[in-house]
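Breakdown of the fold
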Amino acid sequence: MFEFSNLEEEMQTQKIMTRRRKLPATAPDASNVSVWGILRKAIGKDLSKISLPVILNEPLSILQRLSEELEYSDLLDTASNISDPYDRMVYIAAFVISGYSSSYYRNGAKNFNPVLGETFELIRPDKGWKYVAEQVSHHPPISSCNCQSKNFTHEQVFHAKIKFWGKSMEVHPEGYTRVTLPKFNETYQWNKIVMYVHNVMGASRKIEQYGEITIRSTNGISCTINFPKSSNSSQKNEFYGEVFEDNVVKRKIFGQWHESFLCGMDNTAKTIWRMGAMPEDFNLYYGFTRFAMELNEITEDIKHDLPPTDTRFRPDQRNLENGDVERAECEKHRIEEKQRTRRKEMEARGESHQPLWFRLSKDSLKTSTNEEKEWIFNEQYWTKRENQGFKEIKHIFPNLW
């Protein structure tokens, strides 16, 4: 079982660094790229299985993108100290909504697909948690994540189907997300909704979220949150929902997912969450929030401690961030070919890839839509990092780059 005392000591020794507020280079101009010529043969197909030009990417992998959902983790800290179970659910729901806010300002670029065995770690002493993610499967592509704090544990297994319809694109997330509050011995689990990208071919893309999220707690309390389509809504990016138990409504919630979360009735409602300010010139840097700006940065305090599989060492992504699109394209092609070769060689030897930090449970996990395979964090990542350092065990890592 995870010992938080080790994490707490590590947090105390880590310096809270001054982080960058801009990327090394602005996003490249993709207006001259014939997106239609590239994507017209992909209409109705799953884009997650199709290799696209690197200029259509943003310099973050899916493993990093998933960590952005933890930007407002203070909502979970607050929830862990609230005695009223209905109000606890309200703050859990606010945390769920906050995870969608960063997508509003994005320019619609695609994240890098992690290669099998790729990892990403993020330690945030200022927020009191540490996060690790690993690409545990290639067919289908599955990312598994674990974040630990003294107040909560956040787990996520993510895979998605991306459908292209000519002028628009739909991202259908699958998997599950759950939070455990150890103080109350409660677990909350929820699904994700569809993301719709309008005007894929144009310079100005619009992102819309729609569907229904259901949050279920082991204490018997549930919450439903509805995201109506913009054509059926009087407010921009509107959501509304209810906290209930035994079919009795206990709290009402509403707001706009890119801006704020309120609980109560109209003018007397209490604001639970509001999105933070965007960085200067964010529109020049893929629409990244301040949190996102920092994710691919290699700071002095961690550069010698990361495993060689960490996303920040991925050369195609790094070159794109630095503005060298041509070199990034060459590296992306080389890495994809290397992954194909590695897979064929393993198949020829009768071997299969074994994730290092997560294990596949024998049991399936029931979600609101289907049954999912459950990936369990094996607790070894931080132990290896602390006791030996990854430099001493380089032989266990696949050569990805």
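Here, the structure is the one placed above.
Residues numbered from 1 in each chain as written. Predicted model: local features only at pLDDT ≥ 70, side-chain atom pairs only at ≥ 80, totals over all residues. Heavy atoms only, no water.

1. Brief notes about unusual backbone geometry
The omega torsion across H139 and P140 is -5°, close enough to zero to call that bond cis. Note on placement: P140 falls in the loop between β4 (129-137) and β5 (142-149). In this structure, N185 takes a positive phi of about 55° despite not being glycine. Position of N185 relative to the elements: it lies in the loop between β7 (169-181) and β8 (186-190). The backbone of E379 shows a phi angle near 70°, a positive value even though the residue is not glycine. (Helix = DSSP H or I, 4+ residues; strand = E, 2+ residues; numbered from the N terminus.)

2. Considerations on the pairing of strand β9 (residues 194-198)
Where β7 lies against β9, three bridges are found, and the strand directions are antiparallel. Looking across to β9, one finds that E170 is bridged to Y196. (Pairing = 2+ DSSP bridges.)

3. Some points on the nonpolar core
In globular proteins that are soluble, nonpolar side chains generally tend to be buried together. The biggest cluster of nonpolar side chains holds 69 residues, and the ones touching the most others in it are I92, Y131, W190, I213, I215, I225 and F261. When residues in this core are grouped by element, the largest group, ten residues, is from helix α5 (residues 85-98). Each residue touching I215, except ones within four places of it in the same chain, is listed here: M89, I92, A93, V96, Y188, Q189, W190, I221, S222, C223 and I225. If you look at the next biggest cluster of nonpolar residues, it comprises 16 residues, including I123, V136, V157 and Y381. (Core = buried A, V, L, I, M, F, W, Y, C linked by side-chain atoms within 4.5 Å. Buried < 20%, exposed > 50% of the residue type's maximum accessible area, 1.4 Å probe, protein only. Contact = heavy atoms within 4.5 Å.)

4. So, the pattern of salt bridges
Note that side chains of opposite charge can pair when their charged atoms are close. In the structure shown here, the tally under the stated rule is 27 salt bridges. One salt bridge connects R19 with E294, and the closest N-O pair in it is separated by 4.0 Å. Here R19 is found in the loop between α1 (4-13) and α2 (35-39), whereas its partner E294 is found in helix α6 (residues 290-294), with 275 residues between them in sequence. Ionic pairing is found between R349 and E351, a salt bridge with its closest N-O pair at 3.1 Å. Here E351 falls in the partly exposed class, since its relative accessible area comes to 41%. Connected through salt bridges with shared partners, the residues R19, R21, R124, D126, E294 and E297 form a single ionic network. (Salt bridge = Lys/Arg side-chain N within 4 Å of Asp/Glu carboxyl O.)

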